[in-house]
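Geometric and topological summary
Chain by chain, the residues run as shown.
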Amino acid sequence: MGGGTGNFLRALAASKGGLIGAVLLLAFVLLTAAAPLLPVPGPTQSNLRARLQPPTLSLTEIGAHPLGTDNIGRDMLSRILHGGQLTLAVGAAAVVLGGVVGVLLGIVAGYRGGMWDRVLMRLVDIQLAFPLMLLALIIAAALGPSVRNLIIVLALTSWTRYARIVRGQTLAVREREFVQSARAIAASPWRIMTRHILPNVMTPALVVATLELARVIILEAALSFLGLGVQPPWPSWGRMLAEGRTYMASAWWIAAFPGLAIMLTVLSVNLLGDWLRDYFDPKLK
Amino acid sequence: MIRFLLGRLGESALAVLGVVTIVFIVTRLLGDPAILMLPVGATPEQLASFRAELGIDRPLVVQYADFLWNAVRGDFGRSFQHNRPAIEVVAERMPATLELASSAIALGLLIGGGAGMIAAMNRGTALEVFVMLLALLGQATPVFWLGLMLILFFAVDLGWFPTGGAGTFWHLALPALTLATFTSASIARLLRSSVIDVLREDYVRTARAKGLLPRTVMVWHIARNALIPVATMVGILAGELLGGSVITETVFAWPGVGRVIIQAIEVKDFPVVQAGIMMIAVTFVSINFLVDLLYGVLDPRIRLR
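For clarity, every value in this text was computed on a predicted model and none was experimentally measured. (Residues numbered from 1 in each chain as written. Chains lettered and ligands numbered in written order. Predicted model: local features only at pLDDT ≥ 70, side-chain atom pairs only at ≥ 80, totals over all residues. Heavy atoms only, no water.)

1. Quick look at the overall build of chain A
Helix and strand counts for chain A stand at eleven helices and zero strands. Of the regular secondary structure in chain A, the N- to C-terminal order runs α-α-α-α-α-α-α-α-α-α-α. Projected onto its principal axes, the C-alpha positions of chain A cover 75 × 45 × 25 Å. Here chain A, with 285 residues, has 52% of them falling under the buried criterion. Put simply, of all contacts in chain A between residues at least 6 apart along the chain, 73% involve residues at least 24 apart. A gap of 6 Å separates the mean positions of the 24 positive and 13 negative side-chain charges of chain A. (Helix = DSSP H or I, 4+ residues; strand = E, 2+ residues; numbered from the N terminus. Buried < 20%, exposed > 50% of the residue type's maximum accessible area, 1.4 Å probe, protein only. Contact = heavy atoms within 4.5 Å. Lys, Arg positive; Asp, Glu negative; His and termini not counted. Charge placed at Lys NZ, Arg CZ, Asp CG, Glu CD.)

2. Section: the overall build of chain B
The number of helices and strands found in chain B is 14 helices and zero strands. When each of the 305 residues of chain B is scored for burial, the buried share is 47%. When contacts within chain B are restricted to residue pairs at least 6 apart in sequence, those whose partners lie at least 24 apart make up 73%. Looking at chain B as shown, the accessible area adds up to about 14,900 Å², and 67% of this sits on carbon and sulfur atoms. A gap of 12 Å separates the mean positions of the 23 positive and 21 negative side-chain charges of chain B. (Areas by Shrake-Rupley, 256 points an atom, 1.4 Å probe, with all protein chains shown as cover.)

3. A word on the interface of chain A and chain B
Tallying the contact residues gives 35 residues for chain A and 39 residues for chain B. Between chain A and chain B lies a buried interface of about 3,500 Å² when both sides are counted; carbon and sulfur atoms form 83% of it. Looking only at chain A, the three residues that lose the most surface to chain B are Ile138(A), Met248(A) and Met263(A), adding up to 16% of its buried area. Linking chain A with chain B are one salt bridge. With its nearest N and O atoms 2.3 Å apart, the salt bridge here joins Arg189(B) to Asp274(A). Remark: the boundary between chain A and chain B carries four residue pairs in polar contact (both at pLDDT 80 or more). For the side of chain A that touches chain B, the secondary structure elements donating two or more residues are helix H4 (114-128), helix H5 (132-143), helix H9 (189-225), helix H10 (237-245) and helix H11 (253-280) of chain A. Broken down by element, the residue count for the side of chain A that touches chain B peaks at eleven residues, all from H11(A). (Buried area = accessible area lost by both parts, 1.4 Å probe. Salt bridge = Lys/Arg side-chain N within 4 Å of Asp/Glu carboxyl O. Polar contact = N/O pair within 3.5 Å; in protein donor to acceptor, adjacent residues only side chain to side chain.)

4. What about the domain arrangement of chain B?
Residues and elements named next belong to chain B. Each assigned domain of chain B is listed here: domain 1 (2-74) and domain 2 (94-304). Listed as interface residues are 17 residues of domain 1 and, on the opposing side, 14 residues of domain 2. When domain 1 packs against domain 2, the two sides together hide about 1,500 Å² of surface, and 80% of this comes from carbon and sulfur. Counting residues per element, the ones that place at least two in the side of domain 1 that touches domain 2 are helix H1 (2-29) and helix H2 (33-37). Take the side of domain 1 that touches domain 2: its biggest share by element is twelve residues, from H1. (Domains from an automatic or database assignment.)

5. Brief notes about the side chain of Thr97(B)
Residues and elements named next belong to chain B. By the element assignment, Thr97 lies in helix H6 (residues 94-121). What makes Thr97 buried here is its relative accessible area of 0%. Not counting residues within four places of it along the chain, the set of residues in contact with Thr97 comprises Leu242, Ser245, Glu249, Trp254, Gly256, Val257 and Gly258.

6. Re the nonpolar core
Ranked by internal contacts, the top residues of the largest apolar core, which has 130 residues, are Leu137(A), Leu223(A) and Phe144(B). Per element, the largest residue contribution to this core is 18 residues, and it comes from H9(A). Taken domain by domain, the makeup of this core includes at least three residues from each of domain 1 (2-74) and domain 2 (94-304) of chain B. (Core = buried A, V, L, I, M, F, W, Y, C linked by side-chain atoms within 4.5 Å.)

7. Some points on H9(A)
Because an α-helix completes one turn every 3.6 residues, residues spaced three or four positions apart along the sequence face the same direction. All names here are of chain A. An ideal rise of 1.5 Å per residue puts 54 Å on 37 residues; H9 reaches only 45 Å between its terminal C-alpha atoms. A maximum bend of about 55 degrees is found in H9 at Leu198, where proline Pro199 lies one to four positions downstream. Within two residues after H9, Gly227 carries a phi angle of roughly 85 degrees, on the positive side. (Expected span 1.5 Å × (residues − 1). Bend = angle between axes of the 7 residues up to and from the residue.)

So this is what it looks like as structure tokens:
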């Protein structure tokens, strides 16, 4: 990180997009994490007497539903906050899992070269020849819908991007003096890869991770929308949208708000990711 | 040039082989069709004979070799659901998907290209900020949500367009716009930064210095070079588009391959899932092959590598 955390934060504060993205994302994370503590009804708690209530601004009223209720009277605000918890957690888990696999394979391909490199990069090419949405779709259909499988599917669509960039970075780091001298004192390849190369490829990997988080969130919502993601009754933004479809003509808010939530979250992650990319290395993309 | 062509052709063939392999492996994970297709009370003997009939009781290697050979001939078996060749079920939906995807690409190039140029030519103005803000929003908007909102507003409330189905230009408008949003946004952002990069090049300064008309410089020096990264991007975006068409087709009840795949997954109609995915993957690989050729035309340096 060059000039340390202080410089990093100063640069972030001075940027427009990066700062907006970071603040929005932080707000989302805190709000969704604190969802169980907020004075809203449970996300799965239905109230048939309060079905399909429109959004209201009279927040002072006890038991008001600021974002309205759905077809069985569940509070939309609560469902969006709890759904967001899941979306962010699943997205983060998938990005970390895909990242660990991608970074390791990228380092191995770059450092070992030869067969390792050819086979791994060929695998990356083949997978990139497959529209990600379709790959996610058939794997999700094959494994069956569950949160664990969702994370695996999303991670599987993600590792290639890390592997590519980390491999390139490794090729450059491999020739530097500190790696050469480690090799001269007979450090094991594993030690060189984990101790000397890994720290030097973490920055580009972090940038990829941020941009991937945005992509993974949209993909997760799409899979859940198609019924291949998170299962009811637990709320997920994609599913809520699918459920809202039926009532769209009479109750637009059921489908509208989850979509807005997805859009704002992805926008904030993208803003932050773009800024990170420019900050660390304008040549990365 | 011939070497470049052959090399790219070989890579494309390898990519298709990879896709066939992935499809084979994954569809073997999809579940046992015998249990799904036969009534609940079927005896083990009935199940076994049904599996033998489908050929899924043989060793995996044999099944794989068979699958490869059949895939080459376009034979993915008969659809369980429609009881006719799966490839037929998919092929008759392909024109609809191509119509939607190519409209979206054209619309994306038009909107995104225009927006990117406008932004690059008006650096530092409010117009640039506005255009780029729109592009950022476009990239963050989930396709299915945008589709639903467009239906709600333009079809349900205003009644200007039909809510779904295909047939006329009016049916095509909303799904094409939905699908083109992400593409337009990505192209706009890429083209803007690419034009800005090219503007700094020495050859642009030289061209201007020797008194060429601004329009000549724009077309021959700036646009031509700035389009190179966009050409690659279109190849990548084609994947997003074909993938996104699955969702757009579902939202708009558009009778394309994507919708058939989703319906087939629901009833575990393997042959149709396989045929559909292969069809889209081969289309995607072919598009990227063509894009690479175009790339060679735009930038002669590529051919020499």
